[in-house]
Amino acid sequence: MKENDKSAGRRLERIDRGIHARSEDIFALNSWREMLYLLGPRVIPVVALVILGLVAPLYWQRVLVSTAMFALLAISWDMLASTGMVSLGQALFFGVGAYVSGILNHYYGLPPWLTIPLAAVIGSVICTIMLLPVLRLRGIYFAMVTLVLPLMLERIIEATKIFGGTEGISGLGQLPSVDVEFIVAMVAVWAALFGFRRLMNSDYGLVLKGIKDNDRSVMSGSINIYLYKAQALLIAGSIASLAGAFMTHAYMFVGIPVFALDYSIIPIAAAAVGGVGTLAGSLLGAFILVPLNELLRGLGGLRSVIYAVLLVVFTVGLPEGIFHFLQRKYCQFERWVEVS
Amino acid sequence: MSDDVILEAKGLARSFGGIKAVDGVSFELKANQVLGIIGPNGSGKTTLVNLLTGFVKPDQGQILYKGQDVTGLPPYKVAALGMARSFQMVKPFYELPAFKNLIIPLFSSRVRRLAGGKYGDRDAVAKDLLEEVGFERDSQVITQRAGSLPHGYLKRMELAKCMALRPDLYVLDELFSGLSLAEVASLVPVIDKLMAQGATIIMVEHRLRELFRIANQVIVLNFGRKIAHGAPQEVMNDPEVKSAYLGSETED
Amino acid sequence: MITMTIVYGFINSAILVVAALGFNITFGISGVANFAHGALYIAAGFLTYLCLTELHFPYWIAAPAAVIITGALAAVIYRVVLLRVRGLVVSEVIATFAIGLAILELFRFLGFVGFEFTLPVFVDASVPLGNTLVDAQRLLVVASGIVLTVFLWLFTHYTKTGLAFRGIAQDERTALTLGINADRVAALSMAFGGAYAAVAALVILPLGTIAVNEGYDVMINSLAVCIMGGLGSTGGLIAASFLIGYGQIITATYLGTHWTMIVSLVAILIILIVKPSGLFGHQKELEERT
């Protein structure tokens, strides 16, 4: 595959770095070098992060845990966007998951290792049911609904004073130790990334992506796009709700801040910075933005401004994102060729 | 089966913002026939296709497919019953290999049902279908990015997408537009084969000469109304049809 | 109680109309959903405040200055940012949303939080209406609502620019062939929307303090009335403002003020579920639903 960037007298040629024998999705690996070439970018980040997390001081360990949760939100956002559902409100899934686990723990006395998976499922079911009536909407109309729902739930809890009202529910159970928290978070985030990538690369994922590209064509293929959109909401929503539930127990508190705009904007910013549509880009974006956010803690409210500006810059100026750029550098080599 | 009415439209009407795109169109179509729908630009052909296949809901009228009322059913249900449509504007999934473009219909529950509850090897089926519409077997065109295929291949891929559903009724919206004479000629045997297998075909076309070789009967639309319906030659001798076509040509 | 509800409901509806007009103009003409509308409104408020207190400008300079600067800012947003993602509706929304967020949070960061941030009322008086006393500023909001709407109508029907606006709104492609520069008109429509947001701020903000969070509420309310009325339709906007305006006052009176915003939010949801093209929308239905 060659791509030409014409400039005066020379052009840049990009050539795929070869895996020698390659037939659709079966790789015939000829050597350890090729094995490393394929596994390197997948294994090294996983191992590096786990080691980093286990040796890091407590404070940064906690930062990594919350980074992982934002990464889950971003992956979830990216999968929905790949299905043609652009959400301006991942806080909906996050917040509902958080409240479900808080309620299960506080009112029903269930332990965190039960409430977190339960909240992932129940939270995503609740959110999907809320969004069912608007699955027919596309583009900004769907986005507006997702923007409105978390704000509405926040105000309803405030007005009706249910579940502790503005005070929230505190004193919730927590996981045994920060090390356990960290390991669970890592398992969740990598499982989500590799699992979702596999799913989106399968024929099922192809149908989902088809809905985004051309939903009329998908419908003419006798596919009930609303059913598939609902399934995508359930699947993608579950990890966002899981993130909410997890943070509830990490903070031992749940209250209306779980519906805050941050949980909607940071995932979008992460996906935009990392690169939309790859899932891995969203994860990369989260691991850049959230620790950066901690480093800039001294700036206080200015951080929201920085996020917003980064979001604009990447959406408008670099819609490709960092991941696509890295991927291209890794998978292709470039050389200048003289043009006669 | 050949004498059965497969599709019946009764008084279909639909207007957009005060303009009557389709205005009281009725017809009956017997199984294993080729019905051509022609008419000048803006005469409501594509709207009629959209009405028949559920993409647009009629303001008035009724559509019976195999005796079943399908008026107002969503497109995917219409397709699941065996009425497949192609689009005039081909918008394939550019980044995917050509054969992967057929995966979506092959993933539908209709295909699974027809195959006896299992999907089978979708990739293989997809490649076979592309070969049937004239993609060269074992050549790059089957695995090439759809975005880099020439228009003629994309049009044929659009037909293969319909065939993937193994429908009883094809609704082909300007399948021949933009194709060379040779490409059209290469598609004629494909259509003949579908007919031999018992399919029924509705073709919306601008390419009258090519259409008249295939169609058993023709409906002419003008300003959303059906102005003629009959065998190709007799329709073209109809004075109203002549004036509609001549009139539109001078206006264009 | 009843007269009060009627009078204040009417005033609240007028407030919604005035606040939302700018958003509606921009969307109606160029199809850009300017999610920074609320931020522009608040920015205009703070600009006027700064001109008055820091630069000690007289009001008759400060107010037009704020209107012009806000309009220019909106045009700059279009030229620098939106032009590059034109047509990618979702990117437009994300970009304007993020710009709005940046503007509002920047004001919060700079310390623009407190009760001292107010704008002067035009006339400090009250007028008895039936058995309720209504301050003159509230009546001025109603009056300016009428003036702004009439001005908009005259502008789009009798000036060259206004006619170009309508041309683009009705059929962009035909307008292009007639030599109307779509990008210039879109930038102008953003500027026009921004200026209207600023005028709204000048009229409405004297009723309370200039608060950053108000920017988000104005955005939600504007979205609510515009979606309900059918995006881009001025008549629909007015009708929807009265529905939501009275809805808010009635819930505030009988349920508590916590419920005011819920009315708008629920209105958006219900209308998008039931009739996404809005009560008086044109043919948007075709594009947005299948």
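Here goes a summary of the coordinates provided. It should be emphasised that the depicted structure is a prediction, and the values quoted were computed from it without experimental measurement.

So, on to the overall build of chain A. Scanning chain A from N- to C-terminus turns up 13 helices and seven strands. Against the globule reference of 20 Å for 340 residues, chain A gives a C-alpha radius of gyration of 21 Å, in line with a compact fold. If you line up chain A on its principal axes, its C-alpha atoms span 75 × 55 × 40 Å. In the form shown here, chain A has an accessible surface area of approximately 14500 Å², with 66% of it arising from carbon and sulfur atoms.

Turning our eyes to something else, we now look at the interface of chain B and chain A. Residue-level contacts link 25 residues of chain B with 20 residues of chain A. Together, Tyr76(B), Ile104(B) and Phe107(B) form the three largest contributors to the area buried by chain B at its contact with chain A, with a combined 34%. Where chain B touches chain A, the interface holds two salt bridges. In this structure, Asp203(A) and Arg122(B) form a salt bridge, with 2.7 Å as the shortest nitrogen-oxygen distance. Where chain B touches chain A, the interface holds six residue pairs in polar contact (both at pLDDT 80 or more). Going through the elements one at a time, helix 2 (75-80), helix 3 (103-106) and helix 5 (122-132) of chain B are the ones with two or more residues in the side of chain B that touches chain A. If one sorts the elements of the side of chain B that touches chain A by residue count, helix 2 of chain B sits on top with four residues. Among the residues forming the side of chain B that touches chain A, the class breakdown is 14 nonpolar, three polar and eight charged.

Tallying each qualifying case throughout the model produces 18 salt bridges over all chains. The partner of Arg155(A) in a salt bridge is Asp217(C), and the shortest N-O contact between them spans 3.0 Å. A residue pair is termed interchain when its members come from two chains, as with Arg155(A) in helix 5 (residues 139-160) and Asp217(C) in helix 9 (residues 212-229). For Asp217(C), a relative accessible area of 18% corresponds to the buried category. With a shortest N-O distance of 3.4 Å, Asp23(B) and Arg225(B) are connected by a salt bridge. Of this pair, Asp23(B) sits in strand 2 (residues 19-30) while Arg225(B) sits in strand 10 (residues 225-230), and the two are 202 residues apart along the sequence. Asp23(B) sits in the buried class, given a relative accessible area of 17%. Here Arg225(B) falls in the partly exposed class, since its relative accessible area comes to 47%. A cluster of three or more residues bridged by salt bridges with shared partners is formed by Asp203(A), Lys100(B), Arg122(B) and Asp123(B).

This brings us to the packing of helix 6 (residues 160-170) of chain C against helix 8 (residues 182-204) of chain C. Residues and elements named next belong to chain C. One can describe the packing of helix 6 onto helix 8 by two numbers: an axis separation of 10 Å at closest approach and a directional angle of 110°. Relative to helix 8, the element helix 6 lies roughly perpendicular. Only Ala182, Val185, Leu188, Ser189 and Phe192 of helix 8 make contact with helix 6, whose side of the interface consists of Thr161, Ala164, Phe165 and Ile168. Of the residues that constitute the contact of helix 6 with helix 8, the class distribution is seven nonpolar, two polar and no charged.

Below, the discussion takes up the environment of Thr159(C). Residues and elements named next belong to chain C. Mapped onto the fold, Thr159 is located in the loop between helix 5 (136-158) and helix 6. The exposure class of Thr159 is partly exposed, given its relative accessible area of 28%. Of note is the side chain of Thr159, whose polar atom sits 2.7 Å from the backbone oxygen of Phe155.

Turning our eyes to something else, we now look at the sheet that holds strand 3 (residues 34-38) of chain B. Residues and elements named next belong to chain B. The six strands are arranged 6-7-8-3-9-10 in an open sheet whose pairing can be described as mixed. The strands lining the two open edges of the sheet, one partner per strand, are strand 6 (83-86) and strand 10. Strand after strand, the sheet turns through a mean of 15° between neighbouring axes, direction not considered. Both strand 6 and strand 7 (residues 169-173) contribute to a ladder of four bridges, which runs parallel. By the bridge assignment, Ala84 is partnered in strand 7 with Tyr170. Where helix 7 (residues 151-164) meets the sheet, its contacts fall on strand 6 and strand 7, and the angle it forms with strand 7 comes to roughly 155°.

The rules behind the values
Residue positions are given per chain, counting from 1 as you read along its sequence in written order. Starting at A for chains and at 1 for ligands, labels are handed out in the order in which the entities are written. Restriction of local features to residues with pLDDT of at least 70 applies here, the model being predicted, together with a cutoff of 80 or more for giving and counting side-chain atom pairs; totals for whole chains, interfaces and linings are based on all residues. Side-chain measures were taken over the full set of non-hydrogen atoms in the model, leaving aside hydrogen atoms and water. Here a helix means four or more residues in a row that DSSP labels H or I, a strand means two or more in a row labelled E, and each is numbered from the N terminus. A radius of gyration in this sense is built from C-alpha atoms; the matching globule rule multiplies 2.2 Å by the number of residues raised to 0.38. Per-residue and other accessible areas were derived by the Shrake-Rupley procedure at a 1.4 Å probe size, with only the shown protein chains allowed to occlude residues. Two residues form a contact once any of their heavy atoms are found within 4.5 Å. Values labelled buried area give the accessible surface lost by two parts on being combined, using a 1.4 Å probe and summing over both. Salt bridges are counted wherever a side-chain nitrogen of Lys or Arg sits within 4 Å of a carboxyl oxygen of Asp or Glu. Here a polar contact means two N or O atoms within 3.5 Å. Within protein one must be a hydrogen donor candidate and the other an acceptor candidate, and residues neighboring in sequence count only if both atoms are side-chain atoms. In the scheme used here, Gly and all other residues not listed as nonpolar or charged are polar, with Ala, Val, Leu, Ile, Met, Phe, Trp, Tyr, Cys and Pro taken as nonpolar and Asp, Glu, Lys and Arg as charged. Burial status follows relative accessibility: with a 1.4 Å probe on protein chains alone, a residue under 20% of its type maximum counts as buried, one over 50% as exposed, and anything between as partly exposed. Orientation is described by lines fitted to C-alpha atoms, with helices fitted over the stretch in contact, and by angles between N-to-C directions that extend from 0 to 180 degrees. Note on angle classes: values under 35 degrees are labelled roughly parallel, values over 145 roughly antiparallel, values of 65 to 115 roughly perpendicular, and the remainder oblique. One bridge is not enough; two strands pair if DSSP finds at least two bridges between them.

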